Every structure is written in C-alpha cells, then in structure tokens.
Amino acid sequence: MKKTLSTTMLAVLLSGCAVGGGNTFGGLDGGTGMGGSIVKMAVESQCRAELNKRSEWRLTALAMSAEKQAEWENKICGCATEEAPNQLTGNDVMQMLNQSTRNQAITTVTAKTVSACFKRLYR
C-alpha cells in the first residue's frame with residue numbers, strides 16, 4: 001500500500017512536467033500543473049496552524065476583531081499558498097514523495113512561506 005501511494009504521488013508530481021513545460025520540478029516553479037496544486041492544497045491546510053504557533057501573530061491578533069483577524073489570516077495564507085511552489089527545493093520534493101517525511105516537508109515549506117508572507121504583508 002505504501003509503495004502504491006508513493007508511486008501515485010510520484011506520478012502526480014511528475015505529471016506536472018507535461019503541463020508545465022520547462023518549469024523546474026515539473027511545473028511546481030510557478031504553481032502550475034498538478035504538482036503545484038497538490039503543494040498548494042497541503043500548504044493551505046497547514047497554514048492556519050503554523051500561523052497560530054507564531055507569537056508575533058498571536059500578539060497582533062489580540063488587537064483585532066474576529067473579522068479583521070479572519071481577513072488577515074486569509075491574506076497571509078493566500079500568499080503562502082501561492083508562494084509555496086516557488087519555495088520548493090529538490091530535497092523538499094523528494095521528501096514529499098516519501099510518506100514518512102511528507103508531513104515534515106510540508107511543515108517546513110509552510111513555515112518558510114508563512115514567515116515570508118507575514119513579513120511582506122505587515123511592512
């Protein structure tokens with residue numbers, strides 16, 4: 001079962017090669033292709049958890065209404081979701097193919113993109 005899942009994930013990520021043309025990592029470069037979509041979905045689901053771990057966000061959120069907090073979460077996580085495929089390294093892609101390291105790779109990419117987006121949006 002693990003081998004089948006890994007093979008399926010590899011096929012999905014490599015299918016981006018056909019869609020993405022000359023982009024690096026099979027279309028993950030610009031978030032195009034199926035591989036980029038999978039990364040975006042994973043980062044979207046992880047983003048709010050990562051954001052709520054950050055002390056700077058928790059402090060900022062205390063001064064906001066619930067509506068404003070949701071608005072900023074959507075801005076930051078939207079940015080992180082769009083930016084994530086651009087932040088992937090070859091090592092990250094390989095870790096995502098391995099079931100035992102997949103969650104760690106997604107967490108690492110999400111942390112990098114959330115940090116970058118938080119800084120960019122709050123300047």
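Some words on the packing of aromatic side chains
If you walk through the whole model with that rule in mind, you get 0 aromatic pairs. We note K75 situated over the ring of W72; from NZ or CZ to the ring centre the distance is 4.2 Å.

Focus on the state of the cysteines
Evaluation of the coordinates by the stated rule reveals 2 disulfides. The disulfide bridge from C47 ends at C77, spanning 2.1 Å between sulfur atoms. Taking the torsion about the S-S bond as the criterion, the C47 to C77 disulfide, at about -90°, is left-handed. Here C77 lies in helix 4 (residues 66–87) and C47 lies in helix 2 (residues 33–53), a separation of 30 residues in the sequence. An identical accessibility class is assigned to C47 and C77; each is buried.

Re the pattern of salt bridges
Under the defined criterion, the tally for this structure stands at 9 salt bridges. Residue K40 pairs with E82 through a salt bridge whose shortest N-O separation is 3.3 Å. Here the residue K40 occupies a position in helix 2, and E82 occupies one in helix 4, the gap between them amounting to 42 residues. A relative accessible area of 17% places K40 in the buried class. For E82, a relative accessible area of 49% gives the class partly exposed. Note that R120 and E83 form a salt bridge whose closest N and O atoms lie 3.8 Å from each other.

Cut-offs and rules
- Residues numbered from 1 in each chain as written.
- Predicted model: local features only at pLDDT ≥ 70, side-chain atom pairs only at ≥ 80, totals over all residues.
- Heavy atoms only, no water.
- Phe/Tyr/Trp six-rings, centres within 6.5 Å; stacked < 30°, edge-to-face > 60°.
- Lys NZ or Arg CZ within 6 Å of the ring centre and 35° of its normal.
- Disulfide = S-S within 2.5 Å.
- Helix = DSSP H or I, 4+ residues; strand = E, 2+ residues; numbered from the N terminus.
- Buried < 20%, exposed > 50% of the residue type's maximum accessible area, 1.4 Å probe, protein only.
- Salt bridge = Lys/Arg side-chain N within 4 Å of Asp/Glu carboxyl O.

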